[in-house]
Amino acid sequence: MSIPVVTRFAPSPTGYLHIGGGRTALFNWLYARGRGGKFLLRIEDTDRERSTPEATAAILRGLTWLGLDWDGEVVSQFARKDRHAEVAREMLARGTAYKCFSTQEEIAAFRAAQEAAGASYAVFISPWRDADPATYPDAPYAIRMKAPRTGETVIEDQVQGRVVIKNETLDDMIVLRSDGTPVYMLAVVVDDHDMGVTHVIRGDDHLNNAARQQMVYDAMGWTVPVWAHIPLIHGPDGKKLSKRHGATGVEEYQAMGYPAAGMRNYLTRLGWAHGDAEIFTSDEAMKMFDLSGIGRAPARLDFKKLENTCGHHMAMAEDAALLHELQAYLTAAGRPALTEGQVSLMKQALSFLKSSAKTFPELIDKAAFLMVSRPIARDAKADEALDTVSRGILKSLTPRLHSANWTKEALEPILTGIAAENGIGFGKLAAPLRAALAGRTVTPSVYDMMLTIGREETVARLSDAAL
RNA sequence: GGCCCGUUCGUCUAUCGGUUAGGACACCUGGUUUUCAACCAGGUAAGAGGGGUUCGACUCCCCUACGGGCUGCCA
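Every value quoted in this text rests on a predicted model; they were computed, and no experiment measured them.

**Regarding the layout of surface pockets**
When its volume is computed, the largest pocket comes out at roughly 890 Å³. Along its surface, the largest pocket is lined by 30 residues, and H18, G20, G21, D205 and H206 are the ones closest to its centre. Sorting the residues of the lining of the largest pocket by element identifies β1 (6-9), α1 (19-33), α5 (184-194) and β9 (199-203) as the ones contributing at least two each. In terms of residue count, α1 provides more of the lining of the largest pocket than any other element does, four residues in total. Residue composition of the lining of the largest pocket, by class: 14 nonpolar, nine polar and seven charged. Estimates place the volume of the second largest pocket at around 430 Å³.

**Considerations on the packing of helix α3 (residues 81-94) against α5**
With their axes 10 Å apart at the nearest point, α3 and α5 run at an angle of 100 degrees to one another. Comparing the axis directions of α3 and α5 gives the class roughly perpendicular. Residues R83, H84, V87, A88 and M91 of α3 form the contact with α5, whose participating residues are L186, A187, V190, D191 and D194. Partitioned by chemical class, the residues of the contact of α3 with α5 number six nonpolar, one polar and three charged.

**Looking at empty space enclosed by the protein**
Summed over the entire model, instances satisfying the criterion amount to one cavity of 30 Å³ or more. Of the volumes computed, that of the largest cavity is approximately 30 Å³.

**Focus: the packing of aromatic side chains**
For any pair of aromatic rings, geometry is given as the distance between the ring centres together with the angle between the planes. Applying the stated rule across the entire model yields 14 aromatic pairs. Note on Y253 and Y258: the rings are 6.0 Å apart at their centroids and 40 degrees apart in plane angle, and the pair reads as tilted. Both residues of the pair, Y253 and Y258, belong to the buried class. Ring centres of F352 and F369 lie 6.5 Å apart, and the angle between their planes is 25 degrees; this geometry places the pair in the stacked category. Here F352, found in helix α12 (residues 340-353), pairs with F369, found in helix α14 (residues 368-371); they are 17 residues apart in sequence, far enough to count as distant. Side by side, F352 and F369 carry an identical accessibility label, which is buried. Pairwise contacts between aromatic rings join F27, W272, F280 and F289 into one cluster. A cation over a ring is seen here: R48 above F78, with NZ or CZ 3.6 Å from the ring centre.

**With respect to the pattern of salt bridges**
For the structure shown, the criterion picks out 29 salt bridges. Residue R48 is joined to D45 by a salt bridge in which the shortest nitrogen-to-oxygen separation is 3.9 Å. Under the relative-accessibility criterion, R48 is labelled partly exposed at 47%. Salt-bridge contacts for R129 lead to D172; the nearest nitrogen and oxygen are separated by 3.0 Å. Within this pair, whereas R129 is found in the loop between α4 (104-116) and β5 (142-145), its partner D172 is found in the loop between β7 (161-166) and β8 (174-176), the two being separated by 43 residues in sequence. In this structure R129 comes out as buried when scored by relative accessible area, which is 14%. D172 sits in the buried class, given a relative accessible area of 0%. Residues participating in the shared-partner salt-bridge network are R8, R42, E44, R80, R83, E86, D191, D192 and D194.

**Thoughts on the packing of helix α17 (residues 408-421) against helix α18 (residues 426-438)**
Look at α17 against α18: their axes get within 9 Å of each other, and the N-to-C directions meet at 110 degrees. Looking at the two axes, α17 sits roughly perpendicular to α18. α18 is crossed by α17, and the crossing has right-handed handedness. Where α17 approaches α18, its residues L415, T416, I418 and A419 are matched on the opposing element by F426, L429 and L433. For the contact of α17 with α18, the class distribution of residues is six nonpolar, one polar and no charged.

**Brief notes about the nonpolar core**
In this structure, L326, M346 and L401 are the most contacted members of the largest nonpolar core, which totals 52 residues. When residues of this core are assigned to their parent elements, the largest contribution, nine residues, is made by helix α19 (residues 446-466). Setting aside anything within four residues of it in sequence, one finds M346 in contact with L323, L326, L338, L353, I364, A367, L370 and M371. Judged by nonpolar contacts, the second largest core, of 46 residues, contains L26, L63, W65 and V250.

**Quick look at α12**
Compared with the 20 Å implied by 1.5 Å per residue over 14 residues, the 19 Å span of α12 between its first and last C-alpha is a close match. At K347, α12 is deflected by roughly 40 degrees, the largest bend along its length. Within α12, burial applies to Q342, V343, L345, M346, A349, L350, F352 and L353. Summarising the contacts, the buried residues of α12 are in contact with α11 (319-332), α13 (360-366), α14 and α19.

What counts, and at which threshold
- Residues numbered from 1 in each chain as written.
- Chains lettered and ligands numbered in written order.
- Predicted model: local features only at pLDDT ≥ 70, side-chain atom pairs only at ≥ 80, totals over all residues.
- Heavy atoms only, no water.
- 1 Å grid on protein atoms, 1.4 Å probe; cavity = no way out; pocket = protein on both sides within 12 Å on 5 of 7 lines; lining within 4 Å.
- Points joined across faces, edges and corners; volume = space filled by probe spheres on them.
- Helix = DSSP H or I, 4+ residues; strand = E, 2+ residues; numbered from the N terminus.
- Nonpolar A, V, L, I, M, F, W, Y, C, P; charged D, E, K, R; others polar.
- Axes fitted to C-alpha atoms, helices over the stretch in contact; angles between N-to-C directions.
- Parallel < 35°, antiparallel > 145°, perpendicular 65-115°, else oblique.
- Contact = heavy atoms within 4.5 Å.
- Phe/Tyr/Trp six-rings, centres within 6.5 Å; stacked < 30°, edge-to-face > 60°.
- Buried < 20%, exposed > 50% of the residue type's maximum accessible area, 1.4 Å probe, protein only.
- Lys NZ or Arg CZ within 6 Å of the ring centre and 35° of its normal.
- Salt bridge = Lys/Arg side-chain N within 4 Å of Asp/Glu carboxyl O.
- Left-handed = near helix turned anticlockwise from the far one by under 90°.
- Core = buried A, V, L, I, M, F, W, Y, C linked by side-chain atoms within 4.5 Å.
- Expected span 1.5 Å × (residues − 1).
- Bend = angle between axes of the 7 residues up to and from the residue.

The following block contains the structure:
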């Protein structure tokens, strides 16, 4: 009987949800959900200067769009500052931390002197580390962890393997600032411990930090969680992902019209693999997901593959759900909402539209024929397709549509018949039909369009064009 | 500067000492077709470089190069 898995995502609310953060959250979510565990959310808002409620809201929106639901209340790290300070005091009492009266000026001077001497970087060891409390001045002090100076700290990482850090390369990190506020490194450990986090899955920019955090666990006699430091995501050029690569915020992807299921699938496969599995649902991903499948090298974003993956999910989606997401997309992208009439037409059209669209903008574009109203504006190519001969054919076609059953089976012989009578292939007939029905020459199948808009509208559009 | 991590087709990756190095995206060719797409079939394409270890290395070790991270009273 193993302990239930508890994972967490702990972003800093200093901006939107970064795509890399989204993937980190996704991995934590998949791992927990696939094992009947819990996935918690904690906002690391201890930096009061940079943290904003807007950023927190944006992060929550991003996670929600991605479909990553968390358990329980969102924890504010800042709100727990007293608890953090309490632990710092306990470390003091246990003798695993000490009061350091060195001022920031003194520390800066030490580093400057090191640099001036041309010496290689040296860790700062506070002179108060082993000082007699009797010598303590009546001055503000910070609390520093009394870290081991010899030996090594070993991080058994599920992704990176066994990482050995020599203790002499680490300084005695401050756990409580002289103003009494806790430092991030302490806060994470205390929070993760108090929240019962069993698996810490996060970016590998924290790999080195893990050593110092592990020292805090040891100092408090707490159980060290399972570590899994995952590589960061890079831009297409292999450099760290930044604004110049284009979209870095999760919400930007929503606004670009990628379906969330496709996004999840793509992000899951970015830096993680399970044999040849490429296209899968979230349920399937939960079953397959494991830490051992995570790669150690940073992955690059590939929009082409993202689109392809999204195309599969678009086609897999259920019409009703897809319609909802389409409407959410229109809102997110600031595009006009569907009218009631368009919604009902869309319900019929989705079944064939979704099979070939990869994104919502593409879906909308293919649905142009049901978004327009008479008189239908035509582009240049559509005008070209409606030459005199074609108009004549359309004119002769409309009467036959009045009595026809409105099914593809009934319509097909009528259209092919008209084409044959005029000695042209069906392709030649389809062009003016597209032009008449949609005002453009690139459209879904003419049958699909006719069936969707119905007899009355079809005849009206054809008559308009035949004039 | 020090320490840590990484490097298989253009991209995401499989491989866990012995394979014609597999799959997916992209690309190219052909097919299907009512346009675009989708779809089907086929093809081009990879172990950063150099040393070891071994009967045998993509796989293990070392060096170099390149990329990334950490090195704060930031998170």
